[in-house]
Amino acid sequence: MAKLKRKEYEQELEKLQVELNAAARWLQHTGKRLLVVFEGRDTAGKGGAINAIADCLNPRQCHVVALSKPSERELGQWYFQRYVPHLPAAGEIVLFDRSWYNRAGVEKVMGFATPAQVKAFLAQVPVFERQLVDDGILLFKYWLAVDQAEQEARFAERLQDPLKRWKLSPIDIKAREKYAEYGRARDTMFKATHHRWAPWHVVDFNDQKTGRLNLIRHLLDQLPDHHVDPLAIEFPPLAGKPGKERYAGPVKPIKGKY
């Protein structure tokens, strides 16, 4: 299948973003809570997919969570504890850029968790997620899939692009050698945590533009009928001529070269 041209992609994305805003109004109107987990290999496109959703929504309602490695104190907590404060409240949307599934993925493959810890995690996840769903949270879990050849091309692009170089880390370099191990860890994770109340959804992200559109379309299709009319707003005419910014103090505006 031919890759989408940028103009076509932007047109289709805008349609979906309009519907995302309608869904956000519905969440506020009903008090429902939406939680979306984004998982996948390095370079799969989690950040771009999350941005395509979050950039068109009110940041006070839609929160992106991308936690760094746990602190010493967090290492001494119940594993899920550091994630619980970030769960959505009434009317909110939370997008997890990686999540508690780190334990079944990078922590397992790179040896940051013991086999016993991983086994306990896989046994506890279905119970934890069942509690979230039973409490009314709308939970969706997406795995963004990318083939190794495409992953290598993206790693090379990050290495050459100064605006993407920050995405590379020593762990990424080591992870390149463990493509097959990550696949086996993913399959084990799916087997233990794919349940009726919290199923996994796999999206092909070898073409990121198409992947984003398919993921957002799927997410919207999982929500109930979410039409809520926007608040009616009217702008009365100004009482006089439009005003200009005026400065009474010592601060002066910057006059740049652009």
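The protein chain is annotated in an unreviewed UniProt entry as ADP/GDP-polyphosphate phosphotransferase of Arenimonas metalli CF5-1. The record in UniProt for the protein chain states the following under Sequence similarities (unreviewed entry): "Belongs to the polyphosphate kinase 2 (PPK2) family. Class I subfamily." Looking at the Subunit (unreviewed entry) heading of the UniProt record, one finds this comment for the protein chain: "Homotetramer."

A.B. asks: Teacher, can you tell me more about the pattern of salt bridges here?
C.D. replies: Close approach of charged atoms allows side chains with opposite charge to pair. Under the criterion given, the structure shown has 15 salt bridges. With a closest N to O distance of 2.7 Å, Arg 176 and Glu 152 form a salt bridge. Linking Arg 176 in the loop between helix 7 (170-175) and helix 8 (179-193) with Glu 152 in helix 6 (residues 148-160), this pair joins segments that are 24 residues apart in sequence. Between Glu 157 and Lys 164 there is a salt bridge; the shortest N-O distance is 2.9 Å. Judged by relative accessible area, Glu 157 falls into the partly exposed class, the value being 40%. On the basis of relative accessible area, Lys 164 is assigned to the partly exposed category, the value being 26%.

A.B. asks: Even after reading the chapter, I still don't get unusual backbone geometry, so can you show me in this structure?
C.D. replies: For residues other than glycine, phi is negative in most cases, and the peptide bonds are mostly trans. Phi at Thr 43 is positive, roughly 75°, even though this residue is not glycine. Residue placement: Thr 43 occurs in the loop between strand 1 (33-40) and helix 2 (46-54). Of the residues examined, Thr 43 reaches a relative accessible area of 3% and is grouped as buried. One non-glycine residue, Arg 98, lies in positive phi territory at about 70°. The topology assignment puts Arg 98 in the loop between strand 3 (93-97) and helix 4 (106-109). By relative accessible area, which is 23% here, Arg 98 ends up partly exposed.

Scoring rules and cut-offs
Residues numbered from 1 in each chain as written. Predicted model: local features only at pLDDT ≥ 70, side-chain atom pairs only at ≥ 80, totals over all residues. Heavy atoms only, no water. UniProt positions renumbered as here; feature names shortened; annotations may be inferred. Salt bridge = Lys/Arg side-chain N within 4 Å of Asp/Glu carboxyl O. Helix = DSSP H or I, 4+ residues; strand = E, 2+ residues; numbered from the N terminus. Buried < 20%, exposed > 50% of the residue type's maximum accessible area, 1.4 Å probe, protein only.

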